[in-house]
Amino acid sequence: MGLNDVVSAERLHIGFFGMCNAGKSSLVNAVTGQQLSVVSEVRGTTTDPVKKAMELLPLGPVVILDTPGLDDESELGKLRVERAERMLAQTDIAVLVADGTQGLRDEDARLLEQLDARKIPYIIAYSKADRVAKRGAVGENALYVSAVTGEGIFELKERLGAFAKRLQNPKSLVRDLLAAGNVVVLVTPIDEAAPKGRLILPQQMVLRDVLDANAIAVVCQDTELQRTLDSLKNKPRMVITDSQAFESVARCTPADVPLTSFSILMARYKGDLRELVKGFAALRTLRDGDRVLISEGCTHHRQCNDIGTVKMPGWIERFTGVKPAYSFTSGGEFPKELKDCRVIVHCGGCMLNEAEMKHRIRQAMDSNVPIVNYGIAIAGMHGILRRSLELFPDILRLLD
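Numbering of residues starts from 1 in each chain and follows the order in which that chain's sequence is written. Local features in this predicted model are restricted to residues of pLDDT 70 or higher, and side-chain atom pairs are both shown and tallied only at a pLDDT of 80 or more, whereas totals for entire chains, interfaces and linings draw on every residue. Note: side-chain values were computed over all heavy atoms of the structure, leaving out hydrogens and water.

Caption draft 1: Examining the packing of aromatic side chains more closely. Between rings of Phe, Tyr and Trp, where Trp is taken as its six-membered ring, a pair exists when centres lie within 6.5 Å; planes separated by under 30 degrees are stacked, by over 60 edge-to-face, and by other angles tilted. Inspection of the entire model under this criterion finds three aromatic pairs. On the numbers, 5.4 Å between centres and 35° between planes, the contact of Tyr126 with Tyr144 is tilted. Of this pair, Tyr126 sits in strand E5 (residues 122-127) while Tyr144 sits in strand E6 (residues 142-144), placing them 18 residues apart in sequence. Here, a charge over a ring means that NZ of Lys or CZ of Arg falls within 6 Å of the ring centre while also lying within 35 degrees of the ring normal. In this arrangement the basic side chain of Arg135 is found over the ring face of Tyr144, its NZ or CZ atom lying 4.9 Å from the centre. Here a helix means four or more residues in a row that DSSP labels H or I, a strand means two or more in a row labelled E, and each is numbered from the N terminus.

Spelled out as structure tokens, the structure:
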């Protein structure tokens, strides 16, 4: 990733959905001005979701999702449809591509119901406008388009741009808690799991947010924290640490200096900090054999001391004194059925966009399964959850 790149998780995700041969891929290619998707008259040419990060004017950095047809009834097709529907969890804005020569079909109507239920804004694009002899009236959120003549393509992009402006995330990771000139100490351990030559994404994002606040960032490893604090003329506004180092960092950080973690800031930024804090209580009630789902939004090579599969189970068992059963998922995999889970422990979600992270939290809530994130769980299991939330008084009251 280049220095000027915007990571996919921070880009607006635009999903193109519709029935087989409705013209989704042709429309995607026309909107992007690139041959992102294979186009053919053969029904069901798009076999898997096509996902492409790109710059799209007037929207800026986006991720385009081109999905398989929703009416493929073959055995393989059912898997493709399931993958297409899974893309809904990542979608910020949906474009329903309906064949303009046929109008809305039953599958289209079912998709619109899903979009409404998930509160995903959408535009209906009636494709193949060059073949439609007589056009019916369309609503405010619909228009006719043609990938052949270019009709409606500019207007579609303008409408997507208008949606994008309304969806811009006004939240910040930490900038709203800082004043110009504040000193923030960022504790970034460099261990066997740290990527060579760079910081992990949450650390990069928080560092940039501190600089955007015209504050001063001091970066050190956990082993150098005491020396770093001793070298400062004035006490820092806060200390932000990698969650894995919470215990040692808490011992070094003076009690009157607020302390939190990158993971907790991510929960506030793109998750639901209130719900995730509430979920921690479920860890206290675990019994032998209870199912714990440990889920990560990224895929990475598992190290011998991997946080998800090794450290987290160890912390849970020391904290609870019981031996739960564990399930592990990573990347885009997340179970549709959660009923057998007693609690979900999720990573900070830095590689997931906000739509997907919030979808997973809603899915857990709908299944009455508590969910907590890594940073909150680690702070709680080390007895410093209250301290790690001092920066957020409204959330801190949940612990009273």
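Caption draft 2: Up close: the side chain of Asn182. Its location among the elements puts Asn182 in the loop between helix H4 (153-167) and strand E7 (183-187). Two N or O atoms form a polar contact when they lie within 3.5 Å of each other; inside protein one atom must be a possible hydrogen donor and the other a possible acceptor, and for residues adjacent in sequence the pair counts only when both atoms belong to side chains. At 2.8 Å, the side chain of Asn182 forms a polar contact with the backbone nitrogen of Ala179. Whether two residues are in contact is decided by their heavy atoms, any of which lying within 4.5 Å being enough. Ignoring anything within four residues of it in the chain, the contact list for Asn182 reads Ala215, Ile216 and Arg237.

Caption draft 3: View of the packing of helix H11 (residues 307-320) against helix H13 (residues 374-381). Between H11 and H13, the shortest axis-to-axis distance is 10 Å and the interhelical angle comes to 35°. The chirality of how H11 crosses H13 is left-handed. Two secondary-structure elements touch here, H11 through Ile307, Gly308, Met312, Trp315, Ile316 and Phe319 and H13 through Tyr374, Ile378, Gly380 and Met381. Charged means Asp, Glu, Lys or Arg here, nonpolar means Ala, Val, Leu, Ile, Met, Phe, Trp, Tyr, Cys or Pro, and polar covers whatever is left, Gly included. Split by residue class, the contact of H11 with H13 holds eight nonpolar, two polar and no charged. In this analysis an axis means a line fitted to C-alpha atoms, helices contributing only their contacting stretch, and an angle means the value between N-to-C directions, from 0 to 180 degrees. Handedness of each helix crossing follows the sense of rotation of the near helix against the far helix: counterclockwise by less than a right angle gives left-handed, clockwise gives right-handed.

Caption draft 4: Highlighting the sheet that holds strand E1 (residues 12-18). Reading across the sheet, the six strands line up as E2-E3-E1-E4-E5-E6 and stay open at both edges, with mixed pairing between neighbours. Each end of this open sheet is capped by a strand with a single partner; those strands are strand E2 (50-56) and E6. Adjacent strand axes in the sheet meet at a mean angle of 25° when their direction is disregarded. By definition, two strands form a pair when at least two bridges between them are found by DSSP. With five bridges connecting them, E1 and strand E4 (residues 93-99) associate as parallel partners. Paired with Phe16 across the two strands is Val95, which belongs to E4. Each of E1, E2, strand E3 (60-66), E4 and E5 touches helix H1 (residues 24-32); the most contacted strand, E1, lies at about 145° to it. Sheet strands touched by helix H3 (residues 106-118): E1, E4 and E5. Its angle to E4, the strand with the most contacts, is close to 170°.

Caption draft 5: Main features of the environment of Arg131. Take Arg131: it is sitting in the loop between E5 and E6. Whether a residue is buried, partly exposed or exposed follows from its accessible area with a 1.4 Å probe, protein chains only, as a fraction of its type maximum: under 20%, in between, or over 50%, in that order. Of the residues examined, Arg131 reaches a relative accessible area of 53% and is grouped as exposed.

Caption draft 6: Fine view of the sheet that holds strand E9 (residues 238-241). Spatially, four strands are ordered E8-E7-E9-E10 in an open sheet, and the strand pairing comes out parallel. Two strands close off the open sheet at either side, each with one partner strand: strand E8 (216-220) and strand E10 (259-261). Each strand of the sheet is rotated relative to its neighbour by a mean of 25°, with strand direction disregarded. In terms of strand pairing, E7 meets E8 through five bridges, oriented parallel. Bridging from a neighbouring strand, Val187 pairs with Cys220 of E8. Its contacts with the sheet place helix H8 (residues 262-270) against E7, E9 and E10, and it is angled at close to 70° to E10.

Caption draft 7: Fine view of the pattern of salt bridges. A side-chain nitrogen of Lys or Arg and a carboxyl oxygen of Asp or Glu constitute a salt bridge if their distance falls within 4 Å. Applying the stated rule across the entire model yields 15 salt bridges. Glu10 is paired through a salt bridge with Lys270; the nearest N and O atoms lie 3.4 Å apart. Highlighted residues: Glu10 in the segment before E1 and Lys270 in helix H8, separated in sequence by 260 residues. Owing to a relative accessible area of 29%, Glu10 belongs among the partly exposed residues under this scheme. A relative accessible area of 1% places Lys270 in the buried class. One salt bridge connects Glu354 with Lys358, and the closest N-O pair in it is separated by 2.7 Å. Here Glu354 and its partner Lys358 are both found in helix H12 (residues 354-366), four residues apart, which amounts to about one turn of the helix.

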